[in-house]
Amino acid sequence: MPTVSVKRDLLFQALGRTYTDEEFDELCFEFGLELDEITSEKEIISKEQGTVKAAGASDVVLYKIDVPANRYDLLCLEGLVRGLQVFKERIKAPVYKRVMPDGKIQKLIITEETAKIRPFAVAAVLRNIKFTKDRYDSFIELQEKLHQNICRKRALVAIGTHDLDTLSGPFTYTAKRPSDIKFKPLNKTKEYTACELMNIYKTDNHLKHYLHIIENKPLYPVIYDSNGVILSMPPIINGDHSRITVNTRNIFIECTGTDFTKAKIVLDIIVTMFSEYCENQFTVEAAEVVFPNGKSSTFPELAYRKEMVRADLINKKVGIRETPENLAKLLTRMYLKSEVIGDGNQIEIEIPPTRADIIHACDIVEDAAIAYGYNNIQMTLPKTYTIANQFPLNKLTELLRYDMAAAGFTEVLTFALCSQEDIADKLGLDISATKAVHISNPKTAEFQVARTTLLPGLLKTIAANRKMPLPLKLFEISDIVIKDSDTDVGAKNYRHLCAVYYNKNPGFEIIHGLLDRIMQLLDVPPGEDKGGYVIKASEGPAFFPGRCAEIFARGQSVGKLGVLHPDVITKFELTMPCSSLEINIGPFL
């Protein structure tokens, strides 16, 4: 969940009253938020960097409030205050309006060169806005919160805000070769080419995280005005020429990205939150965006839409008995203007442009439950009586864990994902023979496939603990995943038990003895008669020739044990002999 830091005194001033910390904590809970921490800038710096660095920092009390990830309208002081005031019925939800300018409309022209990089852009103008230091800081902070949240660290959307009085429209959004882009970026004293900037920002703690979005592209996106002045190079940096300050009166806002819907949402959130400070409150000046195909649209959309929900559905889903009128009142408190229509059971809800999180009727039901108060919902016994019980497989797993530990083995838990090399090359197998489930977009080479055996995880654990006293006796009981076309999801989980013994001698007798003990615990007698178990000589690329056996129990193969091949041991960066046992415990249920 995103955390919003607001100054306590500024918040109370905007709310029109003061609260004790306990009262405000309760108010947040009622509204579906959480007061996470009460701190100050000085206290934060002191914790992170020490008291010496904290000297001179502000002692102003800060409230850190956890906000639901989809409530973009609560990511700044303005939205938070507006939401709480409507919730407490002190004000009515404002109506946001898009207005056409008295003169010429500002245009943003998109060229076809942007198609393969960041093809979408929207724009708007906040006219005659009045900033103070706190309002300006909140404006910048909201952009950063949106960048980290809905914008997915600028990968989907990047926001640019500019002092319109320093620019001359129309504006052009295009893409050029990095060597052809040259401008003075924010907080720099001279001009740089795009290539130079990308090298400079590789050491910038803030901007280096966004460079990968465009650095390998042949063309970089850029926005400039009619005089050729560069506004920004999205999603990296804005130009210094059009930087906004506390004294800025007219702001040109552009949002570029790869997701058109999210770009429109981001623009709507910014203009609705800060149009409060415009001379004509809650009005936003439209801007025209001309697309490469010649078509044009005006933004922001600031679209209101209507949804219909039956009162009995809300009552049923929440578990309450409220009249349609009361439910409409509850929803209105949640910034969803509602009224009862039709047969008296239908509620018409107006979804404002700030509530992009309302997608389905269940979202409306959730808001009704929040406004009603979760603590006010009467607890009732379920109509269906059931007796909880542990899954048999999990119960067997727990019992085996205790006895494995009693046998002197130490349990480990390893990652369910691993590299292709771990389950194939290092074990002498071809990846196609493993029936492994592959991850389509792995973030690292270490997490490419779902494991098909527990053995690599145990061997990597030993490699990381080679300095521990010998012998190392480890085990794990977890799921492996195998492709299975007969299942609806195309794969199936199997619960495996794997144990390894690592010492100066192979210790095959130790592993064999462990198998006998496991079978004794599972009440499986030795021998092929009466559903017993036997081990038969076998071969496997991971095992030393002549030192491998397949385990058969109750008429089916359940696993293998043996001494690992020296090549396998070497590939896992080990230096001593190792024996292993791996069985599927599912057939023993």
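Residues numbered from 1 in each chain as written. Predicted model: local features only at pLDDT ≥ 70, side-chain atom pairs only at ≥ 80, totals over all residues. Heavy atoms only, no water.

Participant: Looking at this model, I keep getting lost on the overall build of the protein. Mind explaining?
Facilitator: Helix and strand counts for the protein come out as 16 helices and 28 strands. Whereas a compact globule of 589 residues would reach a radius of gyration of roughly 25 Å, the protein reaches 32 Å, over 25% beyond that. A buried classification covers 48% of the 589 residues belonging to the protein. In the protein, 68% of the contacts between residues at least 6 apart in sequence involve partners at least 24 apart. When the accessible surface of the protein is split by element, carbon and sulfur atoms take 50% of a total near 29800 Å². Put simply, the protein has 72 plus and 77 minus side-chain charges, and the middle of one group is 2 Å from the middle of the other. (Helix = DSSP H or I, 4+ residues; strand = E, 2+ residues; numbered from the N terminus. Rg over C-alpha atoms; globule rule 2.2 N^0.38 Å. Buried < 20%, exposed > 50% of the residue type's maximum accessible area, 1.4 Å probe, protein only. Contact = heavy atoms within 4.5 Å. Areas by Shrake-Rupley, 256 points an atom, 1.4 Å probe, with all protein chains shown as cover. Lys, Arg positive; Asp, Glu negative; His and termini not counted. Charge placed at Lys NZ, Arg CZ, Asp CG, Glu CD.)

Participant: Help me understand the UniProt feature "domain: B5" (unreviewed entry) in the protein, please; the structure alone is not making it clear to me.
Facilitator: Residues given the UniProt feature "domain: B5" (unreviewed entry) here are residues 302–379. Taken as a whole, residues 302–379 contains 38% helix and 22% strand, while its terminal C-alpha atoms sit 40 Å from one another. (UniProt positions renumbered as here; feature names shortened; annotations may be inferred.)

Participant: Explain the packing of aromatic side chains here, please?
Facilitator: The description of an aromatic ring pair uses the distance of the two centres, along with the angle that the planes make with each other. Scanning the entire structure with this criterion turns up 16 aromatic pairs. Seen in terms of ring centroids, Tyr 96 and Phe 282 are 5.7 Å apart; in terms of plane orientation they differ by 80°. Their pairing is edge-to-face. Highlighted residues: Tyr 96 in the loop between α5 (77–87) and β4 (97–99) and Phe 282 in the loop between α8 (260–274) and β15 (283–290), separated in sequence by 186 residues. Of the two residues, Tyr 96 and Phe 282, neither departs from the other in class, the shared state being buried. Taking the centre distance of 4.3 Å and the plane angle of 25° together, the rings of Phe 171 and Phe 252 count as stacked. Of this pair, Phe 171 sits in strand β8 (residues 171–176) while Phe 252 sits in strand β14 (residues 251–257), and the two are 81 residues apart along the sequence. In terms of burial, Phe 171 and Phe 252 fall into one category: buried. For Arg 17, the ring lying beneath its charged end belongs to Tyr 19, and the centroid distance is 3.9 Å. In this structure, Arg 333 packs its charged tip against the face of Phe 87, placed 4.3 Å from the ring centre. (Phe/Tyr/Trp six-rings, centres within 6.5 Å; stacked < 30°, edge-to-face > 60°. Lys NZ or Arg CZ within 6 Å of the ring centre and 35° of its normal.)

Participant: Just checking my understanding: could you explain the sheet that holds strand β28 (residues 578–584) for this structure?
Facilitator: The strands that make up a sheet pair up through hydrogen bonds in the backbone, lying either parallel or antiparallel. The sheet built from seven strands is open, its strands ordered β20-β23-β24-β28-β27-β26-β25 with mixed pairing. Of all the strands in the sheet, just β20 (410–411) and β25 (533–537) have a single pairing partner and so form its edges. The strands touched by helix α14 (residues 455–464) are β23 (472–483), β24 (491–502), β27 (556–564) and β28; relative to β24, the strand with the most contacts, the crossing angle is about 35°. (Pairing = 2+ DSSP bridges. Axes fitted to C-alpha atoms, helices over the stretch in contact; angles between N-to-C directions.)

Participant: Looking at this structure, how should I read the sheet that holds strand β1 (residues 3–7)?
Facilitator: Within the open sheet, the three strands sit side by side as β1-β3-β2. Their pairing is antiparallel. Every interior strand has two partners, whereas the edge strands, β1 and β2 (34–40), have only one. The sheet shows a mean angle of 25° between the axes of neighbouring strands, taken without regard to direction. Relative to strand β3 (residues 61–66), β1 runs antiparallel, the two sharing five bridges. Note that in β3 the partner of Val 6 across the bridge is Tyr 63.

Participant: Sorry if this is basic, but what is going on with the pattern of salt bridges here?
Facilitator: Two side chains carrying opposite charge are able to pair once their charged atoms lie near each other. By the definition in use, this model includes 28 salt bridges. Across the pair Asp 180 and Arg 177 runs a salt bridge, and its minimum N-O distance is 3.2 Å. For Arg 517, the salt bridge is made with Asp 403, and the minimal N-O distance between the two is 3.7 Å. Remark: Asp 403 occurs in helix α12 (residues 392–406) and Arg 517 occurs in helix α15 (residues 508–521); sequence separation between them is 114 residues. Taken together, the shared-partner salt bridges connect Asp 422, Lys 426, Glu 446 and Lys 460 into one network. (Salt bridge = Lys/Arg side-chain N within 4 Å of Asp/Glu carboxyl O.)

Participant: Teacher, can you tell me more about the pairing of β14 here?
Facilitator: The side chains of a regular strand alternate, residue by residue, between the two faces of the sheet. For β14, the buried fraction is high: seven of the seven residues fall into the buried class. Both strand β7 (residues 157–163) and β14 contribute to a ladder of seven bridges, which runs antiparallel. Paired with Gly 160 across the strands is Glu 254, a residue of β14.

Participant: Help me understand the nonpolar core in this model?
Facilitator: Here is a general trend for soluble globular proteins: nonpolar side chains tend to be buried in one another's company. Counting residues in hydrophobic clusters, the biggest one holds 96 residues, and the most contacted among them are Phe 24, Ile 65, Leu 146 and Phe 274. At nine residues, α8 tops the list of elements feeding residues into this core. Excluding anything up to four places from it in sequence, Leu 146 contacts Tyr 72, Leu 75, Cys 151, Ile 159, Val 266, Ile 269 and Ile 270. Of all hydrophobic cores here, the second largest spans 26 residues; its members include Leu 515, Ala 549, Ile 551 and Ala 553. (Core = buried A, V, L, I, M, F, W, Y, C linked by side-chain atoms within 4.5 Å.)

Participant: Even after reading the chapter, I still don't get unusual backbone geometry, so can you show me in this structure?
Facilitator: Excluding glycine, residues mostly have negative phi values, and the peptide bonds linking residues are mostly trans. Geometrically, the link from Phe 299 to Pro 300 is a cis peptide bond, its omega value of 0° lying close to zero. By the element assignment, Pro 300 lies in the loop between β16 (296–299) and β17 (305–310). Across the junction of Leu 470 and Pro 471, the peptide omega takes the value -5°, indicating a cis bond. Examined against the element boundaries, Pro 471 turns out to sit in the loop between α14 and β23.

Participant: Mind showing me how you'd approach the packing of α12 against α15 here?
Facilitator: How two helices pack is summed up by the angle between their axes together with the distance between the axes. Relative to each other, α12 and α15 sit at 140°, their axes nearing to 11 Å. Comparing the axis directions of α12 and α15 gives the class oblique. In the packing of α12 onto α15, the handedness of the crossing is right-handed. Contacts between α12 and α15 involve Leu 400, Asp 403 and Met 404 on the former and, on the latter, Leu 514, Arg 517, Ile 518 and Leu 521. Residues belonging to the contact of α12 with α15 are distributed by class as follows: five nonpolar, no polar and two charged. (Parallel < 35°, antiparallel > 145°, perpendicular 65-115°, else oblique. Left-handed = near helix turned anticlockwise from the far one by under 90°. Nonpolar A, V, L, I, M, F, W, Y, C, P; charged D, E, K, R; others polar.)

Participant: Help me understand the side chain of Asn 503, please; the structure alone is not making it clear to me.
Facilitator: Mapped onto the elements, Asn 503 comes out in the loop between β24 and α15. Separated by 2.9 Å, the side chains of Asn 503 and Tyr 501 make a polar contact. Non-local contacts of Asn 503, meaning those with residues more than four positions away in its chain, are made with Leu 470, Pro 471, Met 576 and Pro 577. (Polar contact = N/O pair within 3.5 Å; in protein donor to acceptor, adjacent residues only side chain to side chain.)

Participant: Help me out: how do you make sense of the pairing of strand β18 (residues 337–341) in this one?
Facilitator: Relative to strand β19 (residues 346–351), β18 runs antiparallel, the two being bridged by five bridges. Along β19, the bridge assignment pairs Val 340 with Ile 347. What sits between the antiparallel neighbours β18 and β19 is a turn of four residues, in which Gly 342 has the positive phi angle 65°.

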